[in-house]
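Here is how the chains run, residue by residue.
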Amino acid sequence: MIVMVYGFTGRYAGTSEFEWNAPDIGVVHNALLFLRQEEERDAFDLAVTECERFGFDEIRDLRCGRLQVDALNTDAYRGFSGFYEEALAEGSALLYYPV
């Protein structure tokens, strides 16, 4: 299993399937989706579906990259380790940046 990271811009619509610390409804955010996958490939269709499960719509500028696990040991990326671990355990994790 690997974790791919999808960056995007989207609007929080408030229709989340998860109970989480969600942003205010109707606000546009930049966000990162950490998605557990079987293989290293762009799976934009799966990523959009997962973003929608978190309650985001109007998704644009979707891009993808593989998370380099070794980077989580550096000061610059240590804060992302919880999202990586959640994605491995639960299938996905989402981090949004407040406006």
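Residues numbered from 1 in each chain as written. Predicted model: local features only at pLDDT ≥ 70, side-chain atom pairs only at ≥ 80, totals over all residues. Heavy atoms only, no water.

S.K.: Explain the overall build of the chain here, please?
M.R.: The secondary structure content of the chain amounts to 2 helices and 4 strands. Against the compact-globule benchmark of 13 Å for 99 residues, the chain has a radius of gyration of 13 Å, which places it among compact chains. Each principal axis of the C-alpha distribution contributes one length, and for the chain these read about 35 × 30 × 25 Å. Looking at the 99 residues of the chain, the share that counts as buried comes to 36%. Contacts spanning at least 24 positions in sequence make up 73% of the contacts within the chain whose residues lie at least 6 apart. When the accessible area of the chain is evaluated, it comes to approximately 5,800 Å², of which 47% is carbon and sulfur surface. Distance from the positive charge centre (8 side chains) to the negative charge centre (18 side chains) of the chain: 3 Å. (Helix = DSSP H or I, 4+ residues; strand = E, 2+ residues; numbered from the N terminus. Rg over C-alpha atoms; globule rule 2.2 N^0.38 Å. Buried < 20%, exposed > 50% of the residue type's maximum accessible area, 1.4 Å probe, protein only. Contact = heavy atoms within 4.5 Å. Areas by Shrake-Rupley, 256 points an atom, 1.4 Å probe, with all protein chains shown as cover. Lys, Arg positive; Asp, Glu negative; His and termini not counted. Charge placed at Lys NZ, Arg CZ, Asp CG, Glu CD.)

S.K.: In this structure, what is going on with the nonpolar core? I would like to understand it.
M.R.: The tendency in soluble globular proteins is for nonpolar side chains to be buried as a group. Counting residues in each nonpolar core, the largest one holds 15 residues, and the members touching the most others are Tyr6, Phe8, Leu33, Phe56 and Leu94. Counting residues per element, this core draws most heavily on strand β1 (residues 2–12), at 5 residues. Not counting residues up to four positions away in its chain, the partners in contact with Leu94 are Phe8, Trp20, Ala31, Leu32, Leu33, Phe54, Phe56 and Phe83. Of all hydrophobic cores here, the second largest spans 11 residues; its members include Val5, Leu67, Leu72 and Phe80. (Core = buried A, V, L, I, M, F, W, Y, C linked by side-chain atoms within 4.5 Å.)

Just geometry here; none of it tells us what the structure is for.
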